[in-house]
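Close look at the chain arrangement
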Amino acid sequence: MNEILSMGGHGAYVWPAYGITLAVIVFNAWAARRKLAIALDEARRSRATEQPRNQPRVRQLQ
Amino acid sequence: MKLPRWFHLFGSPPFVYRLAGALTPWLGIIACTLLIVGAYWGLVVAPPDAVQGEVYRILYIHPQTAYVSMMAYVVMAVTAGIGYIWRIKLAHAVAVSAAPIGASFTACALVSGSLWGRPTWGTYWEWGDPRIMFETLLLFLFLSYLALRAAFEDRDKADRVSAILAVVGVVNVPIIHYSVLWWNTLHQGPTISKLDSPSMATEFLIPFLIMITGFTFCFYWLLLSRLKAEIVERERDTRWLQDALQGGRP
């Protein structure tokens, strides 16, 4: 195990490189989820302000 | 130019939203499996390199992230161009989604390369190396694309103006690719793309290819996840989305 961690004395270069790559992937996945949650929330709220509850949806003629 | 009919299906936000929703979990599972297997293989199973020792293991992520950064730029430029020419809004949505992912993978390639360069070349950064410089330019192209978009209140205007920047900047991608052939500096020549005789032993080549496939799946997984959010943002008040929201999860 120690051998793997030390990477022949180059552990200080190998592990940060892998760590940063992992962090970038995790961050991108998290950011996409968060963006979707916010967008869905805004879409729901936009409906709530446009239409009072329990009223039939009527399509307005332009 | 007339477009084939199926092309228009890919211009339909509800269709693409559902398609992306169906594909993302699978892309994510495949990407994570390949990356875990590839990383384990590259870090533990593969033997150390005869010349570089253990530090060469960074080369299981550095060329891969660099390749993803260039692929992300091409996806961004092509979709932005399609959006500009045929005025397909969804194409712009793909371009916008690719930009931050591409930017972060470009940064990743630069950092992992510099961490490899210090023990191997004796320097973190070499201003005279064209491939490093053009990859840095790629990072700035992604960032300026995002900054340019942020400067416009109106999304349609942002789409159209930023598309021009994306398309013009695409010349940088072949320059990065061929830089090692055009200039003889620190970066080594092509290794894998000489398909008939790749200059890498099989025991190194297998994890290398697993990682490159894993990163490709990873990119499209992240792209489609982000695209879903971008579609909801853009289609907030449309009937299909509101109906879908009413019927539970869209």
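Structure first, text after, so check above.
From a predicted model like this one, the values you see are computed outputs, not experimental measurements. (Residues numbered from 1 in each chain as written. Chains lettered and ligands numbered in written order. Predicted model: local features only at pLDDT ≥ 70, side-chain atom pairs only at ≥ 80, totals over all residues. Heavy atoms only, no water.)

1. What about the nonpolar core?
All names here are of chain B. Our working rule: Residue types Ala, Val, Leu, Ile, Met, Phe, Trp, Tyr and Cys, when buried and joined through side-chain atoms within 4.5 Å, form a set referred to as a nonpolar core. Each residue's exposure class comes from its accessible area (1.4 Å probe, protein chains only) as a fraction of the maximum for that residue type: buried when under 20%, exposed when over 50%, partly exposed otherwise. In this description a helix means any DSSP run of H or I spanning at least four residues, a strand means any run of E spanning at least two, and both kinds are numbered starting from the N terminus. Residues are treated as being in contact if the distance between any of their heavy atoms lies within 4.5 Å.
Formed by 80 residues in total, the largest nonpolar core has its most connected members in Tyr73, Met76, Phe105 and Phe219. The leading source of residues in this core is helix 4 (residues 89-121), at 15 residues. Beyond its immediate sequence surroundings of up to four residues, Tyr73 is in contact with Leu138, Leu141, Phe142, Leu165, Ala166, Gly169, Val170 and Val173.

2. Focus on the interface of chain A and chain B
Selection rule: What gets called buried area is simply the loss in accessible area from a 1.4 Å probe that two parts show on being joined, summed for both. Salt bridges are counted wherever a side-chain nitrogen of Lys or Arg sits within 4 Å of a carboxyl oxygen of Asp or Glu. When residue character is reported, Ala, Val, Leu, Ile, Met, Phe, Trp, Tyr, Cys and Pro are called nonpolar, Asp, Glu, Lys and Arg charged, and the others, Gly included, polar.
Each partner contributes residues to the interface: chain A has 31 residues there, and chain B has 45 residues. Surface buried jointly by chain A and chain B totals about 3300 Å² across both partners, of which 70% is contributed by carbon and sulfur atoms. In this assembly, chain A and chain B are joined by 2 salt bridges. For the salt bridge of Glu233(B) with Lys35(A), the shortest nitrogen-to-oxygen distance reads 3.1 Å. Element by element, the count of residues in the side of chain A that touches chain B is highest for helix 2 (residues 11-50) of chain A, at 25 residues. Across the side of chain A that touches chain B, the residue classes tally to 19 nonpolar, 5 polar and 7 charged.

3. Examining the packing of helix 4 of chain B against helix 5 (residues 130-150) of chain B
Residues and elements named next belong to chain B. Short version of the rule: In this description, a line fitted to the C-alpha atoms serves as the axis of each element, helices being fitted only across the stretch in contact, and the angle between N-to-C directions of two axes falls anywhere from 0 to 180 degrees. Roughly parallel means an angle under 35 degrees; roughly antiparallel means over 145; roughly perpendicular covers 65 to 115; every other angle is labelled oblique. Should the near helix be turned anticlockwise from the far one by less than a right angle, the crossing is termed left-handed; should it be turned clockwise, right-handed.
Viewed as axis vectors pointing N to C, helix 4 and helix 5 meet at an angle of 155 degrees, and their least axial separation amounts to 9 Å. With respect to helix 5, the element helix 4 is oriented roughly antiparallel. Every pair of crossing elements has a handedness; the one defined by helix 4 and helix 5 is left-handed. Contacts between helix 4 and helix 5 involve Ala95, Val96, Ala98, Ala99, Pro100, Gly102, Ala103, Thr106, Ala107, Ala109, Leu110 and Trp121 from the first element and Ile132, Glu135, Thr136, Leu138, Leu139, Phe142, Leu143, Tyr145, Leu146 and Arg149 from the second.

4. Quick notes on the packing of aromatic side chains
All names here are of chain B. Keep this limit in mind: The aromatic pairing rule takes the rings of Phe, Tyr and Trp, using the six-membered ring of Trp, and pairs them if the centres are within 6.5 Å, calling planes under 30 degrees apart stacked, those over 60 edge-to-face and the rest tilted.
All told, the structure shown has 14 aromatic pairs over all chains when counted by the stated rule. Ring geometry for Trp125 against Trp127: centres 5.7 Å apart, planes inclined by 75 degrees, an arrangement best described as edge-to-face. For Trp127, a relative accessible area of 64% translates into the label exposed. Ring plane angle 25 degrees and centroid distance 5.7 Å describe the contact between Tyr178 and Trp182, whose orientation is recorded as stacked. Placement of the pair is Tyr178 and Trp182 together in helix 7 (residues 172-182), with a separation of 4 residues, close to one helical turn. Given a relative accessible area of 37%, Tyr178 falls into the partly exposed group.

5. Examining the pattern of salt bridges
Counted according to the given criterion, the structure contains 10 salt bridges over all chains. The shortest N-O distance in the salt bridge between Glu230(B) and Arg234(B) comes to 2.9 Å. Taken together, the residues Glu230(B) and Arg234(B), both in helix 8 (residues 202-234) and 4 residues apart, mark about one turn of the helix. Per residue, the accessibility class of Glu230(B) equals that of Arg234(B), and both read buried. Overlapping salt bridges bring together Lys35(A), Arg149(B), Arg155(B), Asp159(B), Glu230(B), Glu233(B) and Arg234(B) as one network.

6. A few points about the packing of helix 3 (residues 62-86) of chain B against helix 4 of chain B
Each pair of packed helices can be described by the angle between their axes along with the distance between the axes. All names here are of chain B. Close contact between helix 3 and helix 4 brings their axes to 7 Å; oriented N to C, the two are set at 160 degrees. Relative to helix 4, the element helix 3 lies roughly antiparallel. Here the hand of the crossing between helix 3 and helix 4 comes out left-handed. The residue makeup of the contact of helix 3 with helix 4, split by class, is 16 nonpolar, 10 polar and no charged.

7. Quick word on the environment of Met211(B)
Counting through the fold element by element, Met211(B) comes out in helix 8. Each C-alpha atom of the pair Met211(B) and Gly83(B) lies 32 Å from the other, and the pair is 128 residues apart in sequence. If we skip the residues at most four places from it in the chain, Met211(B) touches Tyr18(A), Leu35(B), Gly38(B), Ala39(B), Tyr60(B), Ile61(B) and Gln64(B).

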